[in-house]
Structure formats: C-alpha cells, structure tokens
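Secondary and tertiary structure notes
Listed below, chain by chain, are the residues.
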Amino acid sequence: MHYLGFDLETGGFDKKEHTINEAYFAIWDENKNLLEDLHLLLKNDEGEIHGTQEAYEVTGINPEEHLANPETVTYTEGRNRLLEMLTRHKIPKKRNHYRFFGQNIVYFDIPFMEAQGFLSEEQRKKAGIHHNSLDTTSIVTWLKEIDLLPGNVGSISSLVDYFDLPKGTAHTAKGDVHMQKDIYFKLCDIMKKNTMANLNTVSSDLLKIVEL
C-alpha cells in the first residue's frame, strides 16, 4: 500500500465557515520513493475564501492575492486533479491503494475536507484510500506515555528538532507534509527497535526457563 501524505492550510478552525486555502498531497511507495505530488491553491466552488486575519498571518496567505492568482482553483477542479493523480498510481489487484498519514489528520484535516465538501468519505473509498489513517499525533502521544519520547515534544517543529531532521517551511502544506513524512519514519524506527529489543529479552528469558 502506498503512503498518501497530506496537509491543509485553512482560514481558521471552523470547519463549516472557514475554507481550505491550500492543500498538498504526496504519494510515497513502500520504499519511501516519492511517486508524485500535487500542490493546490484553493477557493470554494463559489469562488470565495473565508477565514480570520490571525490564520492568514500564520499561513502567510493574502486573501486578495490568493484569489487573483491564476493558479488558484475551485474545490471541484482541485478534487478532480487529486483523483486523477490517485488513479495513475493504483496498485494492480489491490482494493486499497493508499493510506493517509500526517499530523492531527484524524481529528482536523479529514473532517475539515468532509465539512467543506472537498473530499467525502465515499470519494475516498472509491479512490482506494484505506479508512484507517496513520496519525503521527496519536503515535507520538503513545510513545510519550511509555517513555520512548520525552514529554516536551509534540509539534512538528519540536519533533524535527528532536530527531535532527531537515527543516521545511512551517505552516505551509508542502513543507509540513515532507517534515511529517520524515517524522513518521523516525517513529517507525523507534517502534521497530524497541519491539526487537523486547523480543530479544523475551527469547532470552524463555531460553533460561528451558535450560532449567
């Protein structure tokens, strides 16, 4: 199954009122090779964007310039481009071709796309996106609970610093996705190493029991 990383930059936190201004999607194969990506500047199908000044300052988006940019497309056009990209990379004889991953996507980004009518659950299912997503927020929380990560990490920037990873441009969809990808594979490394260590400990203990 391919990894489908994504991130949204929105006009605020109100899923029904504020719009998606920017979205970035990237497909990686199981060997971490980037197959294709898609960067979208968006407006709703009425040709509008809605948000707060605070959100625009964080993301660096100027509403007037955004709407005047010829590369800014409607939700419908952006969704069609995304679905075309996903169709190009479907895996033969597989029902599920992709698994979403990113930070806080389960509680924010996916519900936001649904509320704004950008990508529904049914459309995701038809595209072959698995219903289970890999959310680094949940993984980080769990690793902190079992003391495999310090309690002071959690944000993308703090995790990038902790793992000494390349820094992208924060609060841009593309920059965040590439940092999230690097973070996710670092988290996988932690879990693999500790799983093997625990298995070795169990095997050693079992061997001692057998020898008795």
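Residues numbered from 1 in each chain as written. Predicted model: local features only at pLDDT ≥ 70, side-chain atom pairs only at ≥ 80, totals over all residues. Heavy atoms only, no water.

Here's the deal with the overall build of the protein chain
Quick reminder of the rule: Labels follow the DSSP assignment, with helices taken as runs of H or I lasting at least four residues and strands as runs of E lasting at least two, numbered in each case from the N terminus. A simple rule labels every residue: compare its accessible area, found with a 1.4 Å probe on the protein chains alone, to the largest value its type can have, and call it buried under 20%, exposed over 50%, or partly exposed in between. Residues count as neighbours in contact if any of their non-hydrogen atoms are within 4.5 Å of one another. Each accessible area is a Shrake-Rupley result for a 1.4 Å probe, and residues are judged covered by the shown protein chains and nothing else. Think of it this way: Lys and Arg go in the positive column, Asp and Glu in the negative one, and His and the chain ends go nowhere. Each charge is placed at NZ for Lys, CZ for Arg, CG for Asp and CD for Glu.
Within the protein chain one finds eight helices and six strands. Ordering the α and β elements of the protein chain from the N terminus gives β-β-β-α-α-β-α-β-α-α-β-α-α-α. For the protein chain, the spread of C-alpha atoms along the three principal axes comes to 75 × 45 × 30 Å. The burial tally for the protein chain puts 44% of its 212 residues in the buried class. Within the protein chain, contacts between residues at least 6 apart in sequence are counted, and of these 66% link residues at least 24 apart. Carbon and sulfur atoms make up 50% of the accessible area of the protein chain, which amounts to about 11,800 Å² in all. A distance of 9 Å separates the average location of the 23 positive side-chain charges in the protein chain from that of its 33 negative side-chain charges.

Some words on the confidence of the model for the protein chain
Put simply, the rule is: Along the chain, pLDDT gives the predictor's confidence residue by residue, from 0 to 100.
A residue-level look at the protein chain finds 92% of positions with pLDDT of 70 or above and a mean pLDDT of 90. In the model, residues 201-212 has pLDDT below 50 throughout and makes zero contacts with residues more than four positions away in sequence or in other chains.

Some remarks on the packing of aromatic side chains
Rules: Aromatic rings from Phe, Tyr and Trp, taking only the six-membered ring of Trp, are treated as a pair when their centres fall within 6.5 Å; an angle between ring planes under 30 degrees marks them as stacked, one over 60 as edge-to-face, and anything in between as tilted.
One pass over the full model with this rule turns up 13 aromatic pairs. An aromatic cluster of at least three residues, connected via ring pairs, comprises Tyr3, Trp28, Phe101, Tyr184 and Phe185.

Examining the environment of Leu187
Inspection of the secondary structure assignment puts Leu187 in helix H8 (residues 173-211). Distance from Leu187 to Val140, taken between C-alpha atoms, is 7.7 Å for residues 47 residues apart in sequence. If near-sequence neighbours (up to four positions away) are discounted, Leu187 is found in contact with Thr136, Ile139, Val140, Leu143, Leu149 and Phe163.

Regarding unusual backbone geometry
Look at Lys32: it is not a glycine, yet its phi comes out positive at around 70°. With respect to the helices and strands, the residue Lys32 is situated in the loop between strand E2 (20-28) and strand E3 (34-43). The phi dihedral of Asn104 is positive, around 60°, even though this residue is not glycine.

Brief notes about the pattern of salt bridges
Basically, it comes down to this: Just to be clear on terms, a salt bridge is a Lys or Arg side-chain nitrogen sitting within 4 Å of an Asp or Glu carboxyl oxygen.
Per the counting criterion, the structure on display carries five salt bridges. Across the pair Glu114 and Arg124 runs a salt bridge whose closest N-O atoms are separated by 2.9 Å. One end of the pair, Glu114, is in helix H4 (residues 105-115); the other, Arg124, is in helix H5 (residues 121-127), and ten residues separate them in sequence. Glu114 sits in the partly exposed class, given a relative accessible area of 36%. Between Asp161 and Lys167 there is a salt bridge, and its shortest N-O distance comes to 3.0 Å.

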